[in-house]
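Chain residues, written in single-letter form:
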Amino acid sequence: MTGFSAQWLALREPADHRARHPGLCAQMTAYFNTAESGLGRTAERPFRMVDLGCGSGSNLRAIAPALPAHQHWTLVDYDPALLMAARHALSQWADQVQVSDARPHSITLVKDHKHIEVTFLQEDLAVNVERVLAMPTDLVTAAAFFDLVSPDWLVRFCQALTVPLYTVLTYDGTEIWTPPHAADQKMLQAFHAHQATDKGFGLSAGPDATDILRMALTARGFDVQVGSSPWQLGVSDRDLMSALASGSANAVAETKLVANEDRQDWLSARLRAQSCQIGHWDLFATPS
Ligand SMILES: C[S@@+](CC[C@H](N)C(=O)[O-])C[C@H]1O[C@@H](n2cnc3c(N)ncnc32)[C@H](O)[C@@H]1O
């Protein structure tokens, strides 16, 4: 449905988790520890998160250890196959799983003594983001999502946001492959042209997404912190680097901006690359 397969998301998950900016995550945890009483949260009332474009649940698996012991997550995606994959992957990840016939769209997990309720919500965020943001929540989060959406949608999202936002792994447009190749620059430009196409939200913001979020949230009085979170891939990430190179080459082929011969030469070099760094931004924003 979206072009994001559960296999691709599983392949990138270890690199995604390594890349996250540790200082920003610590800041987010400290904010909620300090703000705990202000949130009116009690032991009975779980800490509530909404994860936009959850895929197979990688973001929950990364953040849950840094959050309070009793959590409720709403995982939102419009792809039912990915929501099923999330349910499966989270059940495998947890130490204990409870399901109830009375709540078919939810599961309750125990992981490292944390009690985590998860509700799966199929929703098209291009259409219904305001409805999702109107749900009672303490934190909105997303991973590898905001570069897919349009500048107009980002502004709309920021207008509807009333709680803290913690978003990670928004592509920043930089890629450094080693060793370098003569076609690197034109391949990257063509890849950016492909990235800017419509992914269901209007023409995508791509690498501009973090700047647009930062400006729109600052204008609304949010305090916004940004930290870089590049993928640092080496020979031990061979499968991910190869999938990335093949995916880029396919995207570039669709643009017809690079001659076939140059593209194929670039791809065969990249399938043997020693390392690559792909830039991302993480962002934590709190309402004043
Ligand atoms: C790059 S994947 C990231 C998945 C996950 N957050 C992760 O870090 O592994 C982008 C996700 O956004 C979801 N998505 C794309 N368009 C969407 C839409 N219109 N409504 C809801 N989810 C959408 C995709 O199905 C996919 O799961």
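Further up the page is the structure itself.
Cut-off values and rules
- Residues numbered from 1 in each chain as written.
- Predicted model: local features only at pLDDT ≥ 70, side-chain atom pairs only at ≥ 80, totals over all residues.
- Heavy atoms only, no water.
- Buried < 20%, exposed > 50% of the residue type's maximum accessible area, 1.4 Å probe, protein only.
- Helix = DSSP H or I, 4+ residues; strand = E, 2+ residues; numbered from the N terminus.
- Right-handed = clockwise from strand over helix to strand, strands pointing away.
- Pairing = 2+ DSSP bridges.
- 1 Å grid on protein atoms, 1.4 Å probe; cavity = no way out; pocket = protein on both sides within 12 Å on 5 of 7 lines; lining within 4 Å.
- Points joined across faces, edges and corners; volume = space filled by probe spheres on them.
- Near = heavy atom within 4 Å.
- Polar contact = N/O pair within 3.5 Å; in protein donor to acceptor, adjacent residues only side chain to side chain.
- Areas by Shrake-Rupley, 256 points an atom, 1.4 Å probe, with all protein chains shown as cover.
- Core = buried A, V, L, I, M, F, W, Y, C linked by side-chain atoms within 4.5 Å.
- Contact = heavy atoms within 4.5 Å.
- Phe/Tyr/Trp six-rings, centres within 6.5 Å; stacked < 30°, edge-to-face > 60°.

## Considerations on the pairing of strand 2 (residues 70–77)
Move 1: Across the eight residues of strand 2, eight count as buried, placing the element largely inside the fold.
Move 2: Burial along strand 2 is two-sided: the face carrying His 70, His 72, Thr 74 and Val 76 and the face carrying Gln 71, Trp 73, Leu 75 and Asp 77 are both buried.
Move 3: The handedness of the strand 1 (residues 47–52) to strand 2 crossover, carried by helix 3 (residues 58–63), is right-handed.
Move 4: As paired elements, strand 2 and strand 5 (residues 114–122) share eight bridges and run parallel to each other. Paired with His 70 across the two strands is His 115, which belongs to strand 5.

## With respect to the pairing of strand 7 (residues 165–178)
Move 1: Taking burial as the measure, the 14 residues of strand 7 include 10 buried ones, the bulk of the element.
Move 2: Bridge count between strand 7 and strand 10 (residues 275–286): nine bridges; the pairing is antiparallel. Counterpart to Thr 178 in the pairing with strand 10 is Ser 275.

## Points about the layout of surface pockets
Move 1: Reported here for the largest pocket is a volume of approximately 1300 Å³.
Move 2: In this structure, the largest pocket is lined by 48 residues; those nearest its centre are Phe 4, Trp 8, Arg 12, Ala 144 and Leu 148.
Move 3: Within the residue set of the lining of the largest pocket, elements represented by two or more residues are helix 1 (6–19), helix 3, helix 5 (125–133), strand 7, helix 7 (184–195), helix 9 (238–255) and strand 10.
Move 4: Take the lining of the largest pocket: its biggest share by element is seven residues, from helix 9.

## Topic: the site of the ligand
Move 1: Neighbouring the ligand are 20 residues; Gly 53, Asp 77, Asp 124, Leu 125 and Ala 143 lie closest to it.
Move 2: Gly 53 has a polar backbone atom sitting 2.7 Å from a nitrogen atom of the ligand.
Move 3: In the environment of the ligand, a nitrogen atom lies 3.4 Å from a nitrogen or oxygen atom belonging to the backbone of Tyr 78.
Move 4: For the ligand, whose unbound accessible area comes to 590 Å², protein coverage reaches 98%.

## Here we look at the nonpolar core
Move 1: Residues Met 28, Leu 60, Trp 73, Leu 75 and Val 118 are the most contacted members of the largest nonpolar core, which totals 52 residues.
Move 2: It is helix 9 that provides the largest number of residues to this core, a total of seven residues.
Move 3: Those residues within four positions of Leu 75 in sequence are excluded, and the remaining contacts are Asp 51, Cys 54, Gly 57, Leu 60, Leu 83, Ala 86, Leu 90, Val 118, Thr 119, Phe 120 and Leu 121.
Move 4: Formed by 32 residues, the second largest nonpolar core is a distinct cluster that contains Val 132, Phe 146, Cys 158 and Leu 213.

## Notes on the packing of aromatic side chains
Move 1: Applying the stated rule across the entire model yields 15 aromatic pairs.
Move 2: On the basis of an interplanar angle of 75° and a centroid distance of 4.8 Å, the ring pair of Phe 32 and Phe 47 is categorised as edge-to-face. Placement of the pair is Phe 32 in helix 2 (residues 22–35) and Phe 47 in strand 1, with a sequence separation of 15 residues.
Move 3: Judged by relative accessible area, Phe 32 falls into the buried class, the value being 1%.
Move 4: Judged by its relative accessible area of 0%, Phe 47 falls in the buried class.
Move 5: Geometrically, the ring pair formed by Phe 145 and Phe 146 is edge-to-face, given 5.5 Å between the ring centres and 70° between the ring planes. Comparing Phe 145 with Phe 146, the two get one shared label, buried.
Move 6: In this structure an aromatic cluster arises from ring pairing among Tyr 31, Phe 32, Phe 47, Tyr 166 and Phe 284.

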